[in-house]
Each structure stands twice: as structure tokens, then as C-alpha cells.
Amino acid sequence: MKEYNGQVKLNLTVNGEVRTVWVSPADTLLSTVRTGLGLTGAKAGCENGDCGACTVHVDGTPVKSCYTLTVDVDGAAITTIEGLQNSPVQAGFRAEYGFQCGFCTSGFIMNGDALLTARPDADPATRIEWLQSNICRCTGYEGIERAMDYAQRAANGTDAGEE
Ligand code: FES
Ligand code: FES
């Protein structure tokens, strides 16, 4: 049984490192990674489950961390954008200018990376549908679609990066 004095002690594996955190029952995973662990790549956008700016991976699955209680992911492996360096999706966003202000970008990259892991052969329509859970207020989405196309070609060892 967990000790309880208003907070509970949990163990998470965050970006490959075991971290101990003390959280209140109502603490979201977003507040834990940003405030508790100092990982500010996941953004607080709507904090209502709508925009995807807060997306992280929990045991490999993309989740909206603003809508996830930290107590519900005790023992899980959490990956944030800080732990996803040099991924094909990140390279695609750089190469194809898939961002402007960048506020939404970490969420798109986390969700896009999960898609290419789960569905390396996803067609453009599937990519667009998958990323509908992320909102960008700046780009008009064309750069994001190009970024995902670049990333998919890079991940599959085809021609991305050779133009
Ligand atoms: S901040 Fe989590 S979905 Fe918008
Ligand atoms: S680049 Fe500004 S919200 Fe997406």
C-alpha cells in the first residue's frame, strides 16, 4: 500500500532514467513533467484535452498529459520530447519548416513519432487523420504534412534528406 500524507511517492522511468516523484492525487502528468521534473518541452495549451500540445508517450503510446493523472501511470515509462532527440519526425519538421511559433511542435513530433512506429506504411490520409488530435494555430498544416512525409521516407530508408 502507498504511504499517504496528502502526497504519494511514485516511480517513473522518464526518458530512460528512473525518477521518484511526490504527487498529489489530482496532479496531472503534464504538471509532473514540467514542474516536478523540469522537462518543459511538453506544453500547456488548452489543458482540456483538445490541442495535443502536451503529448508525451506512456509505455510507447501517445497520451495527452494534461488529461492524465500521474497516479495512474505509476511505474510507467514516460518519453517526453527531451528524450526523443534526432528522430526522423524532428528532422522532418526542421527540413520542411513544419513550425512557426513552435508551441505545438513537440506535441506533433511526439504523436507523429508514435504513428510512424505503429504504422510505418501509413498513407497521407492516415497521417492527417492521426494528427487531427493536434492543433496548430500558425502553419496552415502544409509544412507539417511535408514534415511527416519527409520523416516517413527517412524512417523507411527511402529518399528523404537526399534532395
Ligand atoms: S494542453 Fe493537453 S490537449 Fe491541450
Ligand atoms: S507553430 Fe505555432 S501553434 Fe503550431
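Residues numbered from 1 in each chain as written. Chains lettered and ligands numbered in written order. Predicted model: local features only at pLDDT ≥ 70, side-chain atom pairs only at ≥ 80, totals over all residues.

## Side note on the environment of Arg146
Filter applied, for reference: Secondary structure elements are defined from DSSP: runs of H or I of at least 4 residues count as helices, runs of E of at least 2 residues count as strands, and each element is numbered from the N terminus. Residues are treated as contacting if the C-beta atoms built from their backbones sit within 7 Å of each other.
Mapped onto the secondary structure, Arg146 falls in helix H5 (residues 142-155). For the pair Arg146 and Gly41, spaced 105 residues apart in sequence, the C-alpha separation works out to 22 Å. Sequence-distant contacts of Arg146, defined by excluding residues within four places in its chain, comprise Glu96 and Gly98.

## Side note on the pairing of strand E1 (residues 8-14)
Along a regular strand, successive side chains alternate from one face of the sheet to the other. Rules: Two strands pair if DSSP finds at least two bridges between them.
As paired strands, E1 and strand E2 (residues 17-23) are joined by seven bridges and run antiparallel to one another. Note on E2: the bridge partner recorded for Leu12 is Arg19. Count of turn residues in the E1/E2 antiparallel hairpin: two residues, of which Asn15 carries a positive phi of about 50 degrees. One ladder, built from two bridges, connects E1 with strand E5 (residues 77-79); its direction is parallel. Within the sheet, the bridge partner assigned to Val14 lies in E5 and is Ile78.

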